[in-house]
Amino acid sequence: MKKHLFLIIKFTITIGILLYLYFEIEWQDMQQTLTHASASMLILAILIYAASQFLNTYKWSVLLHSHGPRHPMRRLLTYNFIGMFCNTFMPGMVGGDVQKCYAVFRDEKKRSGEQGLPKGRLPEIISSILVARITGVLAMIWQANLAYFFLFPHLDIYKNSNNPFLKIILPYILLGLLAGTVLFFIIPRFFNFNVHQHETKTGLLNKLINPIKRMAMNVKGYVENWRLIVYVMILSLIFQGIMNFIYALVGMSLHLPVSWIYYFIAIPLVTLISSIPISISGFGVREGAMATFFSFVGVGTAEAVLLSFSVVFVSIVPSLFGGLLLLKEGFFVQPSKSELEGDE
């Protein structure tokens with residue numbers, strides 16, 4: 001009952017915000033923007049987004065392989081595209097992560113019979129995706145701070161603006177988020193749990209707590225491995241930079257009068273806000289946040305909402321490839337014999 005109630009609330013918030021934007025939009029402006037949009041830039045954005053998933057999958061593989069057996073890159077890439085499809089067309093924003101976790105877990109259980117791999121590594125697999133997500137958020141926040149404090153003040157839109165949000169409130173928000181990122185490198189160092197992969201205690205509480213302890217200790221292992229975490233952060237910065245560039249490219253295709261620098265500031269904040277689980281897959285909240293942040297630099301509601309939907313379209317096209325893989329392979333891809341034997 002509570003689950004259904006929460007879903008109804010999310011649906012209501014999504015529809016409510018979208019209806020509000022519907023009546024705020026000047027549809028003539030949106031039609032004019034669409035008429036003059038550059039299809040070639042939109043296609044380029046789709047191609048870059050699809051290609052960037054190789055980097056995203058590689059980052060996940062670096063984390064996954066550091067604490068366990070290796071998996072073929074082709075298989076992880078397949079799971080990533082299927083995960084993209086699940087994230088796009090399933091309610092919520094973690095459906096793809098659930099699919100990837102269980103698919104890799106199932107693969108390892110199949111391989112364990114052949115190679116004697118440790119069974120029950122689900123907490124370790126979850127922690128690899130969790131850290132991949134967290135490092136992505138850290139990269140977004142770092143880039144937003146760098147863009148705001150070192151590049152944005154040189155733009156005329158900043159020099160000529162008297163908007164208190166841009167000049168007073170926004171820097172405090174960014175600095176607060178930046179301070180929060182430090183916690184990821186501090187808090188896990190205090191984790192000191194005595195965990196066993198094969199817990200002998202059979203109580204329900206122990207079955208729930210022990211995997212959480214294992215995940216916490218794995219996160220600690222990532223944080224304490226400076227060579228690994230620095231490498232993963234570099235990959236995250238590159239990937240998030242590409243994501244921000246895609247937004248800028250779509251904005252250029254719509255001929256929006258916005259510097260690419262502002263995308264590196266606004267898009268991370270829009271992404272963080274839309275990831276709050278109060279709407280269906282971020283719809284409505286994302287468009288509302290986009291309209292708000294881009295109104296500060298002279299972009300109308302129609303253009304901002306169109307930018308948001310255009311980027312959603314850019315992400316949907318490659319995710320449809322994941323849908324094709326889902327139809328071909330099934331929800332969990334069946335490993336080949338060579339892959340069960342650990343061939344790369």
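What comes next concerns the included structure.

Thresholds applied
- Residues numbered from 1 in each chain as written.
- Predicted model: local features only at pLDDT ≥ 70, side-chain atom pairs only at ≥ 80, totals over all residues.
- Heavy atoms only, no water.
- Helix = DSSP H or I, 4+ residues; strand = E, 2+ residues; numbered from the N terminus.
- Areas by Shrake-Rupley, 256 points an atom, 1.4 Å probe, with all protein chains shown as cover.
- Axes fitted to C-alpha atoms, helices over the stretch in contact; angles between N-to-C directions.
- Parallel < 35°, antiparallel > 145°, perpendicular 65-115°, else oblique.
- Left-handed = near helix turned anticlockwise from the far one by under 90°.
- Nonpolar A, V, L, I, M, F, W, Y, C, P; charged D, E, K, R; others polar.
- Buried < 20%, exposed > 50% of the residue type's maximum accessible area, 1.4 Å probe, protein only.
- Phe/Tyr/Trp six-rings, centres within 6.5 Å; stacked < 30°, edge-to-face > 60°.
- Lys NZ or Arg CZ within 6 Å of the ring centre and 35° of its normal.
- Salt bridge = Lys/Arg side-chain N within 4 Å of Asp/Glu carboxyl O.
- Core = buried A, V, L, I, M, F, W, Y, C linked by side-chain atoms within 4.5 Å.
- Contact = heavy atoms within 4.5 Å.
- Patch = residues over 30% accessible without salt bridge, like charges linked within 9 Å, V, L, I, M, F, W, Y side chains within 5 Å.
- Polar contact = N/O pair within 3.5 Å; in protein donor to acceptor, adjacent residues only side chain to side chain.

## Re the overall build of the chain
A tally of regular secondary structure across the chain gives 14 helices and zero strands. When the accessible surface of the chain is summed, it comes to about 17,600 Å², and 69% of that surface belongs to carbon and sulfur atoms.

## Considerations on the packing of helix α3 (residues 39-66) against helix α10 (residues 226-253)
Packing of α3 against α10 leaves a shortest axis separation of 10 Å and a crossing angle of 165°. As judged from the angle between their axes, α3 and α10 are roughly antiparallel. Judged by the sense of rotation from one axis to the other, the crossing of α3 with α10 is left-handed. Looking at the contact of α3 with α10, its residues break down into 23 nonpolar, six polar and one charged.

## Examining the side chain of K100
As for its placement among the helices and strands, K100 is situated in helix α5 (residues 95-115). For K100, a relative accessible area of 10% puts it in the buried group.

## Describing the packing of aromatic side chains
In total, this model carries 18 aromatic pairs according to the counting rule given. Aromatic side chains W142 and F185 sit 6.3 Å apart centroid to centroid with 25° between the ring planes, which places their arrangement in the stacked category. Of the two residues, W142 sits in helix α6 (residues 122-151) while F185 sits in helix α8 (residues 164-186), which places them 43 residues apart along the sequence. The partly exposed category is assigned to W142, whose relative accessible area is 24%. Three or more aromatic residues joined by ring pairs form one cluster here, namely Y148, F149, F152, Y158, Y262, Y263 and F294. In this structure, K100 packs its charged tip against the face of W60, placed 4.8 Å from the ring centre. In this structure, K167 is placed above the aromatic ring of Y158, and the distance from its NZ or CZ to the ring centre is 4.9 Å.

## Some remarks on the pattern of salt bridges
All told, the structure shown has seven salt bridges when counted by the stated rule. For the salt bridge of R133 with D97, the shortest nitrogen-to-oxygen distance reads 2.9 Å. With a gap of 36 residues between them, R133 in helix α6 and D97 in helix α5 connect regions that are remote in the sequence. Residue R133 is classed as partly exposed on the basis of its relative accessible area of 40%.

## Describing the nonpolar core
Counting 73 residues, the largest nonpolar core has F152, Y262, Y263, F294 and L307 as its most contacted members. Broken down by element, this core gets its largest block of residues, 12 residues, from α10. Apart from residues lying up to four places away in sequence, L307 is in contact with Y247, V250, G251, L254, L256, Y263, M290 and F294. Ranked by size, the runner-up nonpolar core spans 10 residues in total, among them Y79, F105, I125 and I129.

## Here's the deal with a nonpolar patch on the surface
A contiguous nonpolar patch, built from F11, I15, L19, Y22, F23 and W27 and spanning about 680 Å² of accessible area, is present on the exposed surface. For the nonpolar patch, the element with the highest residue contribution is helix α1 (residues 2-24), accounting for five residues. On the secondary structure map, W27 appears in helix α2 (residues 27-35). Take W27: its relative accessible area is 42%, and that puts it in the partly exposed class.

## Looking at unusual backbone geometry
Of note, the phi angle at H255 is positive, near 60°, even though the residue is not glycine. Looking at where H255 falls in the secondary structure, it is placed in the loop between α10 and α11 (260-274).

## Remarks on the packing of α11 against helix α12 (residues 285-295)
Taken N-terminus to C-terminus, the directions of α11 and α12 make an angle of 150°; their axes are 9 Å apart at the nearest point. It follows that α11 is roughly antiparallel to α12 by the angle criterion. Our pair here, α11 against α12, has a crossing hand that is right-handed. On the side of α11, the interface is formed by Y262, Y263, A266, I267, L269, V270, I273 and S274, while α12 contributes V285, R286, A289, M290, F293 and F294. Residue composition of the contact of α11 with α12, grouped by class: 12 nonpolar, one polar and one charged.

## Focus on the environment of G251
On the secondary structure map, G251 appears in helix α10. Looking at G251, the relative accessible area reads 0%, which means it is buried. When the C-alpha atoms of G251 and A304 are compared, they prove to be 9.0 Å apart, with 53 residues separating the residues in sequence. In this view, G251 contacts L256, Y263 and L307; residues no more than four positions away in its chain are not counted.

## Regarding the side chain of S52
If you trace the backbone, S52 turns up in helix α3. Within the structure, the side chain of S52 is placed 2.6 Å from the backbone oxygen of Y49, a separation counted as a polar contact. Engagement of the side chain of S52 in a polar contact is seen with the side chain of Q53, the distance being 3.5 Å. Excluding residues that lie within four positions of it along the chain, S52 makes contacts with F239, I242 and M243.

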